[in-house]
Amino acid sequence: MSNGDEIVFVVDDDARVRLGFSELLESWGWRVETFATAADYAARARPDLAACLILDVRLPDISGLEFQAQQSADAHPPIVFVTGHGDIPSTVRAMRLGAVDFLTKPVGESALVAAVRDAIGRDRLRRQARSERDELERRFATLTPREHDVLPLVVSGLLNKQAAAELGVSQVTIEMHRRRIMQKMQASSLPELVRMAERLHVPVRHSRRSGHS
Amino acid sequence: MISAYARRRAVFMFAGCALGAILAVAGVVLLLPAMDGPRAPVPWAAFLVLAAGLVLVAAAGAMAVPDAEAAQARRIIESMPGHAWSADPNGRFTYVSASALRFLGERAEVLGPEPDSDEFGWRRVVHPDDYDRVAARWRHCLATGDRYDTEHRIRRADGVYQWFRNSGLPIRDRHGRIAGWYGTTIEIEEQKQAEAALLERERELTHLVEMVPSHLWRLAPDGEPIFFNRRMTEYLGRTVEDLGEPRTGRLEALMAAVHPDDVAEVRARLAASLGSGDSFALRYRLRRGDGAFRWMSSRAEAMRDREGSIVQWYGLCHDIDDQMQVEDALRHSESQLRRLIDTVPAMIWTAAPNGTPTSVNRRFNEVTGASLGDITAADGSLSLSFIHPDFRSETARTAARSFATGEPYHMRYLQGRRDGSHRWTETRAEPFRDENGAIRQWYGVSVDIHDLVTAQERLRERERFLWQLVETLPAMVDCAAPDGEPVYRSQQLRAFLGYELEQLDGTGKSRLAATLDAGVHANDLAMVKACYAHSLATGEPYACRHRLRRFDGEYHWVETRAAPMRNLDGVIVQWNVICLDIDGEVRTREMLRAAQESLARASQAASMAELSASIAHEVNQPLAAIVANSQACHRWLSGEPPNVERAKVTAARITRDANSAAEVVSRIRALFRRTPGERAPENINRIIDEVCRLLAEEVAAKEVRVRLELAPDLPCAPLDRVQIQQVVLNLMRNGMEAMEGVPKGERVLGIRTRPGPDGIRVEICDAGAGFADIERAFEPFFTTKRSGMGMGLAICRSIVEAHGGRLSIEGAAGCGATVAFTLPTGEGDAP
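Note that this is a predicted model, so its numbers are computed, not measured.

Side note on the overall build of chain B
- In terms of helices and strands, chain B carries 22 helices and 27 strands.
- Taken over 831 residues, chain B has a buried fraction of 38%.
- Looking at chain B alone, contacts between residues at least 24 apart form 49% of all its contacts between residues at least 6 apart.
- Carbon and sulfur atoms form 57% of the exposed surface of chain B, whose accessible area is close to 47200 Å².

Dropping the structure here:
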């Protein structure tokens with residue numbers, strides 16, 4: 001079922017609960033790491049795997065909700081909150097900040113497993129998107145400064161002639177740059193290049209743009 | 001009738017003439033040779049001879065005037081207008097002129113001395129009234145030879161008496177013996193009559209002079225008094241002669257009678273008049289005979305003769321003392337009046353009927369700095385320049401109307417002052433009318449009323465201020481007579497009550513009683529009345545909180561305080577009452593209390609929630625672990641193959657965690673275990689009183705009436721005061737809350753204490769619905785109330801039981817509940 005490239009982090013001040021959760025999750029095949037405090041979790045190096053964070057609301061150093069609010073969304077895996085007594089305002093607040101679920105102790109096995117699966121699934125998608133973007137940025141970084149200048153003009157939908165006039169170079173030069181950019185960015189078509197530019201937040205210089213935005 | 005004497009005289013005359021002629025010739029002869037040469041010695045003898053001769057001739061010639069002339073003389077005598085006579089030394093007539101005899105119709109012989117009598121014959125013709133006087137004189141003259149000269153009446157032949165003057169001279173012989181008498185009798189009837197008339201006139205004049213009611217006098221040209229009339233004499237008490245002999249300082253003596261203050265001027269003026277001849281006129285005081293000085297108006301005119309030189313001065317002194325007194329009085333009163341007008345502290349002025357100012361008094365000028373000219377306009381009308389500009393037009397109108405109609409003039413305005421300021425002045429003027437009703441003059445007075453006006457203004461302002469203060473004070477103010485009867489109510493109070501004070505009159509009740517009956521809430525009325533009665537009787541300040549009906553029928557909580565105002569003798573003259581609408585405050589406090597209560601409940605609930613959360617956490621943690629472990633255990637065992645080792649570990653953890661949960665529960669039970677506090681002997685009645693005070697507002701707010709029946713002289717019981725207070729408070733609150741559904745008037749909470757067999761028994765009875773299920777009432781967490789933990793009765797019972805007493809509930813459902821508890825007094829009762 002589950003494989004070893006997924007990991008669940010459990011943060012709970014109660015050792016019994018940590019043991020219980022890790023026992024249960026391990027019985028479902030997940031790799032589990034437990035932490036007594038939020039600071040402990042933040043401080044320790046963690047394996048770079050698709051992950052889920054099970055966070056007790058009541059923690060000795062900082063409330064789980066506070067911890068969630070302090071971290072940027074990218075800095076932690078999707079969170080499943082666990083609390084001894086849930087209340088609606090904290091639930092709403094946690095969900096708004098992107099929590100996967102808000103579970104009340106004692107937690108039912110199915111609810112816990114479903115939440116963990118959901119969370120790890122989300123993390124997987126997120127990690128994939130991030131690696132794609134990293135690849136694009138890597139490719140983008142290989143462009144020469146001149147190609148950096150040409151790219152916005154191309155994705156803005158300017159004709160070669162117009163782009164040449166804009167930069168004060170020949171149309172042939174523009175044509176050459178454009179080809180090189182397509183190569184380096186591994187774009188098979190102009191629309192793909194435009195989508196890549198969009199993900200890279202390349203500024204569009206003119207409103208007249210080819211293709212859909 | 002040639003006498004011997006005549007003859008002798010003729011002879012003598014002749015001889016004399018002759019001798020004289022001879023002597024004269026001889027003298028001439030003797031003189032002639034002497035005159036031829038300068039022979040000095042002789043001529044005197046010749047002169048003497050010549051002179052003697054001439055004298056003799058002359059004498060003889062004179063004597064010779066002859067008997068021839070006698071006849072001539074007789075003719076002359078006879079033809080003269082008058083009568084002549086001659087008589088011998090005895091008075092016998094030797095000759096009576098014929099005209100006389102004709103006049104008398106008598107013969108000369110019968111006129112002489114009568115024989116054998118001393119009388120004279122002419123007695124028959126002389127007026128009998130005159131005879132004795134004339135006869136006496138004639139006898140005297142005959143005897144002495146004095147010149148005879150009488151005037152008397154003589155009867156004419158026809159019997160009419162006429163006045164005659166009879167004069168006679170004696171003729172003496174050479175021995176000096178009287179030889180005879182020659183006389184004339186001349187009619188002086190007209191002269192006599194003229195004289196009589198003159199006399200009469202003089203008498204009249206004298207009479208006039210004496211009787212004229214004035215003092216008349218005459219002075220000599222040098223001023224010496226020469227005549228005083230009788231009145232003058234009487235006045236001075238002295239005659240002119242009394243002043244002294246002529247030329248011996250009569251004037252000085254007169255001056256001594258002049259008043260010392262006037263004498264200098266009298267002298268000066270008199271001297272001036274005497275010197276110049278101008279008439280003299282002066283008023284001065286002259287001393288009367290009795291020493292009193294009286295004012296005299298003295299005038300004198302010089303009388304001059306034809307040449308114009310002054311003969312004498314005629315003077316007149318008129319006693320004007322009375323007039324002077326009157327004049328003095330008049331002058332005095334006039335000056336008084338003037339002084340009055342000038343010094344009276346008012347500005348006085350007069351104006352002509354048309355309004356032209358005619359005079360102002362000194363003060364007017366001093367105060368306003370304006371003279372008569374300044375207040376007179378160019379056209380003669382009253383100038384208003386000295387009046388503040390704001391008042392000019394009104395003043396002009398008012399003045400014009402008064403001057404036109406004669407209506408009294410009255411104005412108040414700001415009048416200018418010398419220093420340029422303006423002060424409030426009141427001016428009134430009235431016309432003075434003559435007998436025909438025509439206006440002759442306007443008399444006006446202006447009085448400075450600035451201080452008065454400003455004081456009044458200040459007073460008014462102050463009164464207005466105080467009035468507004470009272471009227472706008474955010475409090476209801478009331479003033480009452482010493483007997484409590486309200487006499488004044490401020491706007492706020494009137495508005496609150498919705499009626500005027502006067503509307504209470506005529507109801508048959510006193511205002512106070514009417515107000516209280518109409519306004520005070522029925523539940524408070526008895527207390528308020530008692531309070532009022534106490535204060536009015538003792539004079540102690542009044543203070544009371546009660547509900548008062550507002551105009552709209554709504555009852556508001558008010559706090560009324562009253563204090564007596566006393567006069568200097570300490571007698572109450574008024575009650576000053578302030579009534580504050582504290583409804584908002586009371587309600588606010590009630591709301592605050594409610595909020596506090598709900599807060600307390602909330603915090604109680606919160607602490608409960610906290611507690612439960614804490615309990616839940618404590619219990620949930622092991623439970624969560626147990627659940628997770630048991631599920632894991634289940635999975636380890638249901639795996640293919642089953643992982644028994646892990647399942648064993650997991651099961652062991654389950655046991656451990658379950659024990660841990662059990663421990664939590666017992667820890668919580670330990671938490672709730674109660675420990676009793678300090679105990680001291682306390683009086684339960686006092687505690688109940690304290691709680692009633694604590695709950696007073698709540699009781700009022702819930703409109704519950706608390707009926708206390710506390711047994712006196714209860715023994716003290718050893719108890720934890722705070723805990724027992726808590727019990728009483730809890731039970732009272734429960735009772736009040738149980739009566740929320742009961743109609744307001746029936747919400748009675750009874751609290752009773754009494755000694756009982758088990759110590760002191762306290763009962764708290766309400767009129768609520770009662771307990772439906774008495775047994776469950778004591779269960780923890782059991783409650784029929786919307787709020788609350790449901791721990792009240794249980795805690796109360798545990799407290800009471802901790803004190804060794806018992807708490808019980810009595811009364812069936814539907815007819816109120818009684819919660820009773822006992823507290824052992826510690827004597828004989830085991831705790």
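Examining the sheet that holds strand E4 (residues 79-83) of chain A
Residues and elements named next belong to chain A.
- Pairing within the open sheet is parallel, and its five strands lie in the order E2-E1-E3-E4-E5. Two strands lie at the open edges of the sheet, namely strand E2 (31-35) and strand E5 (101-104), each paired on one side alone. For this sheet, the mean inter-axis angle between neighbouring strands, taken without regard to orientation, is 20 degrees.
- The sheet contact formed by strand E1 (residues 6-11) and E2 spans five bridges and is parallel.

A look at the interface of chain A and chain B
- Counting residues at the interface gives 22 residues for chain A, matched by 21 residues for chain B.
- Summing both partners gives a buried area of about 2000 Å² for chain A against chain B, and 53% of it is carried by carbon and sulfur.
- On inspection of chain A and its partner chain B, the count reaches three salt bridges.
- With a shortest N-O distance of 2.7 Å, Glu-26 of chain A and Arg-646 of chain B are connected by a salt bridge.
- On inspection of chain A and its partner chain B, the count reaches nine residue pairs in polar contact (both at pLDDT 80 or more).
- For the side of chain A that touches chain B, the element with the most residues is helix H1 (residues 15-27) of chain A, which contributes nine residues.

Description of the side chain of Arg-489 of chain B
Residues and elements named next belong to chain B.
- Tracing the chain through its elements places Arg-489 in strand E17 (residues 486-489).
- For the buried Arg-489, no salt bridge exists, and the shortest N-O distance to an oppositely charged side chain is 4.1 Å, to Asp-478.
- Polar contacts involving the side chain of Arg-489 include one to the side chain of Thr-515, which spans 2.7 Å.
- Once you skip the residues sitting within four places of it in the chain, Arg-489 turns out to touch Glu-471, Val-477, Asp-478, Arg-494, Leu-497, Tyr-499, Leu-501, Leu-504 and Thr-515.

Some points on the sheet that holds strand E10 (residues 310-319) of chain B
Residue and element names in this part refer to chain B.
- Pairing is antiparallel across the open sheet formed by five strands, whose spatial order is E7-E6-E10-E9-E8. If you trace the sheet from one side to the other, it starts and ends with strand E7 (225-228) and strand E8 (280-287), each paired once. On average, adjacent strands in this sheet sit at an angle of 25 degrees to one another, irrespective of strand direction.
- With three bridges connecting them, strand E6 (residues 215-219) and E7 associate as antiparallel partners. Looking at the pairing, Trp-217 lines up with Phe-228 of E7.

Overview of the confidence of the model for chain B
- For chain B, mean pLDDT is 82; residues scoring 70 or higher make up 87% of the total.
- Contacts for the low-pLDDT stretch residues 780-791 of chain B, under 50 throughout, to residues beyond four places or in other chains number 18 contacts.

Things to note about the packing of aromatic side chains
- For the coordinates displayed, the defined rule picks out 18 aromatic pairs over all chains.
- Pairing Phe-81 of chain A with Phe-102 of chain A gives two aromatic rings, centres 5.6 Å apart and planes at 35 degrees, and the pair type is tilted. You can see Phe-81 of chain A sitting in strand E4 and its partner Phe-102 of chain A sitting in strand E5, a full 21 residues away along the chain. This pair shows no difference in class: Phe-81 of chain A is buried, exactly as Phe-102 of chain A is.
- Ring pairing ties together the aromatic residues Trp-85, Phe-93, Trp-138, Tyr-148 and Trp-181 of chain B, which thus form one cluster.

As for the nonpolar core
- Counting 35 residues, the largest nonpolar core has Ile-684, Ile-724, Leu-731, Met-732, Leu-807 and Phe-821 of chain B as its most contacted members.
- Residues Phe-21, Leu-25, Val-80 and Val-82 of chain A belong to the second largest nonpolar core, which totals 31 residues.

Here's the deal with helix H16 (residues 522-538) of chain B
All names here are of chain B.
- For H16, built from 17 residues, the straight-helix expectation of 24 Å at 1.5 Å per residue is met to within 8% by its first-to-last C-alpha distance of 25 Å.
- All of the buried residues along H16 are Asp-524, Leu-525, Val-528, Tyr-532 and Ser-535. Buried residues in H16, looked at end-on, bunch into an arc of 110 degrees, giving them a common side. What points out from H16, more than 90 degrees from its buried face, is the exposed set Ala-526 and Ala-537.

A few points about the packing of helix H15 (residues 511-519) of chain B against H16 of chain B
Residues and elements named next belong to chain B.
- The contact between H15 and H16 brings their axes to 10 Å, and the two run at 155 degrees. One element, H15, and the other, H16, form an angle in the roughly antiparallel class. Handedness of the H15/H16 crossing: right-handed. From H15, Leu-512, Leu-516 and Asp-517 reach across to H16, where they touch Leu-525, Val-528, Lys-529, Tyr-532 and Leu-536.
- Taken together, the residues of the contact of H15 with H16 sort by class into six nonpolar, no polar and two charged.

Some points on the confidence of the model for chain A
- With 92% of its residues at a pLDDT of 70 or more, chain A shows a mean pLDDT of 83.
- Taken as a whole, residues 207-213 of chain A scores under 50 in pLDDT and shows 13 contacts with residues more than four places along the chain or in a different chain.

Digging into the environment of Ser-72 of chain A
- Position of Ser-72 of chain A among the secondary structure elements: in the loop between helix H3 (64-70) and E4.
- Residue class for Ser-72 of chain A comes out partly exposed when judged on its relative accessible area of 46%.

Remarks on the environment of Trp-85 of chain B
Residues and elements named next belong to chain B.
- Considering the arrangement of structural elements, one finds Trp-85 in strand E1 (residues 83-87).
- A C-alpha to C-alpha distance of 5.1 Å links Trp-85 and Gly-183, two positions 98 residues apart in sequence.
- Among the polar contacts listed, one links the side chain of Trp-85 to the side chain of Asn-166, at a separation of 3.0 Å.

Re the side chain of Arg-250 of chain B
Residues and elements named next belong to chain B.
- Structurally, the position occupied by Arg-250 is in helix H8 (residues 250-255).
- For the buried Arg-250, which has no salt bridge, the nearest side chain bearing the opposite charge is Glu-224, at an N-O separation of 4.3 Å.
- A distance of 2.7 Å separates the side chain of Arg-250 from the backbone oxygen of Gly-244, its partner in a polar contact.
- What Arg-250 contacts, discounting residues up to four positions off in sequence, is Glu-224, Pro-225, Ile-226, Val-240, Glu-241, Leu-243, Gly-244 and Glu-245.

Things to note about the pairing of strand E11 (residues 347-351) of chain B
Residue and element names in this part refer to chain B.
- Of all five residues that make up E11, four are buried, and the element is covered over most of its length.
- As defined by bridge partners, E11 adjoins strand E15 (residues 439-448) across five bridges and the pair is classed as antiparallel. By the bridge assignment, Ile-348 is partnered in E15 with Val-445.

Regarding a nonpolar patch on the surface
- Together, Phe-465, Leu-466, Leu-469 and Leu-473 of chain B make up a nonpolar patch on the protein surface, roughly 320 Å² of accessible area in all.
- Along the chain, Leu-469 of chain B turns up in helix H13 (residues 450-472).

Examining the pattern of salt bridges
Residues and elements named next belong to chain B.
- Under the defined criterion, the tally for this structure stands at 71 salt bridges over all chains.
- Here Arg-464 and Glu-461 are joined by a salt bridge, their closest N and O atoms 2.7 Å apart. With Arg-464 and Glu-461 both in helix H13, this residue pair falls three residues apart, about one helical turn.
- Its relative accessible area of 40% is what places Arg-464 among the partly exposed residues.
- Here Glu-461 falls in the partly exposed class, since its relative accessible area comes to 41%.
- Residue Asp-517 is joined to Lys-509 by a salt bridge in which the shortest nitrogen-to-oxygen separation is 2.9 Å.
- Judged by its relative accessible area of 30%, Asp-517 falls in the partly exposed class.
- Members of the salt-bridge network, linked through shared partners, are Arg-707, Glu-709, Arg-752, Arg-754, Arg-761 and Glu-763.

Procedures and definitions
- Residues numbered from 1 in each chain as written.
- Chains lettered and ligands numbered in written order.
- Predicted model: local features only at pLDDT ≥ 70, side-chain atom pairs only at ≥ 80, totals over all residues.
- Heavy atoms only, no water.
- Helix = DSSP H or I, 4+ residues; strand = E, 2+ residues; numbered from the N terminus.
- Buried < 20%, exposed > 50% of the residue type's maximum accessible area, 1.4 Å probe, protein only.
- Contact = heavy atoms within 4.5 Å.
- Areas by Shrake-Rupley, 256 points an atom, 1.4 Å probe, with all protein chains shown as cover.
- Pairing = 2+ DSSP bridges.
- Axes fitted to C-alpha atoms, helices over the stretch in contact; angles between N-to-C directions.
- Buried area = accessible area lost by both parts, 1.4 Å probe.
- Salt bridge = Lys/Arg side-chain N within 4 Å of Asp/Glu carboxyl O.
- Polar contact = N/O pair within 3.5 Å; in protein donor to acceptor, adjacent residues only side chain to side chain.
- Lys, Arg positive; Asp, Glu negative; His and termini not counted.
- pLDDT = per-residue confidence, 0-100.
- Phe/Tyr/Trp six-rings, centres within 6.5 Å; stacked < 30°, edge-to-face > 60°.
- Core = buried A, V, L, I, M, F, W, Y, C linked by side-chain atoms within 4.5 Å.
- Expected span 1.5 Å × (residues − 1).
- Arc of directions from axis to C-beta.
- Parallel < 35°, antiparallel > 145°, perpendicular 65-115°, else oblique.
- Left-handed = near helix turned anticlockwise from the far one by under 90°.
- Nonpolar A, V, L, I, M, F, W, Y, C, P; charged D, E, K, R; others polar.
- Patch = residues over 30% accessible without salt bridge, like charges linked within 9 Å, V, L, I, M, F, W, Y side chains within 5 Å.

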